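Letter by letter, the chains look like this.
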Amino acid sequence: MKKILVTGGAGFLGSHLCDRLLAEGNEVICLDNYFTGRKKNIVHLLDNPYFEAIRHDITDPYFIEVDEIYNLACPASPIHYQYNPIKTIKTSVMGAINMLGLAKRIKATILQASTSEVYGDPTIHPQPEEYWGNVNPIGIRSCYDEGKRCAETLFFDYHRQNNVKIKVVRIFNTYGPRMHPNDGRVISNFIVQALKGENITIYGDGSQTRSFCYCDDLIKGMMAMMETPENILGPINIGNPGEFTIRELAEIVIELTGSKSKISYMPQIEDDPMQRKPVIDKARNILGWEPSIQLKEGLIKTIEYFEKELSGK
Ligand code: NAD
Ligand code: UDP
């Protein structure tokens with residue numbers, strides 16, 4: 001049995017990760033400040049003697065003995081990470097320093113949940129890990145993009161300077177049950193709008209693309225990365241290469257929900273990346289991983305979840 005720390009463990013992805021780690025017989029400690037996470041996501045785990053939830057902000061140091069650390073704490077939705085941009089950078093950078101310092105002291109392996117946002121508005125398509133990105137350093141998304149880029153730098157410097165055992169995955173847009181109804185990201189917004197019969201809000205003309213990965217696939221990829229030999233550091237892209245325009249996504253959500261909602265076009269948002277699709281050759285070859293749940297199948301499961309969530313069950 002391994003003892004594993006999950007920061008951001010009460011969030012959307014963190015709570016699914018806690019579930020899987022416990023199911024595989026590990027002891028899990030979840031750290032969260034509940035900024036975007038919810039007790040509801042982990043309430044089913046609170047009676048499990050191998051699970052512990054601790055309210056803690058990772059911008060402050062934390063001391064514990066564990067074998068592995070998954071560092072997921074950070075708001076991931078643009079509206080939430082832009083709400084307090086300075087705090088977002090502190091979470092990414094000071095949080096990484098605190099967790100890397102902990103990993104160094106206790107000789108734990110630490111995995112960073114990085115992001116496709118490190119590629120910014122990419123000029124190379126699809127995006128391989130070798131691409132250095134096209135990020136505006138002073139824009140409204142920079143607190144997240146540059147924070148995550150700096151966290152990657154810290155991970156590699158702690159490895160080079162202090163031999164910390166690191167793993168970095170770059171997560172592309174991931175969705176599924178336990179997203180907050182007010183999360184603000186595109187899939188949750190569109191499904192909630194469709195179920196409520198409200199207008200579906202497309203920012204810009206909807207020709208921008210994203211590649212959407214279902215949460216269960218993502219968690220498998222992230223855990224496979226943690227299991228790799230010590231010399232595998234990453235970064236490795238984890239995502240689903242199926243690429244859709246935002247307009248196509250709106251149409252699919254309307255079709256699957258049977259909604260009468262209409263599409264309403266809103267002004268384009270600043271620095272919105274125009275295209276995004278992962279090259280996943282490394283994930284395939286090194287992790288033996290690829291996504292198995294395609295968009296419609298994943299959306300059906302997510303719609304079921306939001307139907308329950310909105311009916312208050
Ligand atoms: P989320 O917002 O649901 O989860 C983030 C969690 O971190 C929340 O529970 C939040 O309360 C917690 N948190 C935030 N700041 C904290 C702090 N200072 N101290 C302690 N806890 C803090 O988002 P998510 O989608 O589950 O994302 C999890 C991680 O994966 C994030 O690091 C995110 O950047 C990364 N990621 C997610 C996606 C995606 O599409 N879901 C894509 C790329 C990267
Ligand atoms: N988007 C949209 N309507 C919404 C929410 C998002 O058109 O209600 C668009 C957004 O402009 C972006 C894409 O959907 O082009 C994905 O946005 P999201 O916030 O989910 O993630 P990110 O931009 O970080 O990939």
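Residues numbered from 1 in each chain as written. Chains lettered and ligands numbered in written order. Predicted model: local features only at pLDDT ≥ 70, side-chain atom pairs only at ≥ 80, totals over all residues. Heavy atoms only, no water.

Visitor: What exactly am I supposed to notice about the sheet that holds strand E5 (residues 109–115) here?
Guide: Sheets are built from strands that pair by backbone hydrogen bonding, the pairs being arranged parallel or antiparallel. If you trace the seven strands from one edge of the open sheet to the other, you get E3-E2-E1-E4-E5-E6-E11, paired in parallel fashion. The sheet terminates laterally at strand E3 (51–55) and strand E11 (236–238), the two strands that pair on one side only. The average angle at which neighbouring strand axes cross in this sheet is 20 degrees, direction not considered. Bridging between E5 and strand E6 (residues 165–171) involves seven bridges; their strand directions are parallel. What sits directly across from Ile110, in E6, is Ile166. This element, helix H4 (residues 142–162), spans E5 and E6 of the sheet and lies at about 155 degrees to E5. Docked against the sheet, helix H6 (residues 215–226) engages strand E4 (68–71), E5, E6 and E11, running at close to 160 degrees with respect to E6. (Pairing = 2+ DSSP bridges. Helix = DSSP H or I, 4+ residues; strand = E, 2+ residues; numbered from the N terminus. Axes fitted to C-alpha atoms, helices over the stretch in contact; angles between N-to-C directions. Contact = heavy atoms within 4.5 Å.)

Visitor: In this structure, what is going on with the nonpolar core? I would like to understand it.
Guide: In summary, soluble globular proteins display a tendency toward joint burial of nonpolar side chains. Residues Leu17, Tyr70, Met222 and Leu299 are the most contacted members of the largest nonpolar core, which totals 59 residues. Among the elements that take part in this core, H6 stands out by supplying seven residues, more than any other. (Core = buried A, V, L, I, M, F, W, Y, C linked by side-chain atoms within 4.5 Å. Buried < 20%, exposed > 50% of the residue type's maximum accessible area, 1.4 Å probe, protein only.)

Visitor: Can you walk me through the site of ligand 2 in this structure?
Guide: Inspection of the region around ligand 2 gives 18 residues, with Val186, Thr201, Arg210, Asp272 and Arg276 positioned closest. Between ligand 2 and Arg210 there is a distance of 2.7 Å, counted from an oxygen atom to a side-chain nitrogen or oxygen. Asp272 is positioned such that a nitrogen or oxygen atom in its side chain is 2.5 Å from an oxygen atom of ligand 2. The fraction of the free accessible surface of ligand 2 (510 Å²) that becomes covered by protein chains is 96%. Its residues assigned to classes, the shell around ligand 2 shows seven nonpolar, five polar and six charged. (Near = heavy atom within 4 Å. Polar contact = N/O pair within 3.5 Å; in protein donor to acceptor, adjacent residues only side chain to side chain. Areas by Shrake-Rupley, 256 points an atom, 1.4 Å probe, with all protein chains shown as cover. Nonpolar A, V, L, I, M, F, W, Y, C, P; charged D, E, K, R; others polar.)

The quantities given are spatial measurements derived from coordinates; they are silent on function.
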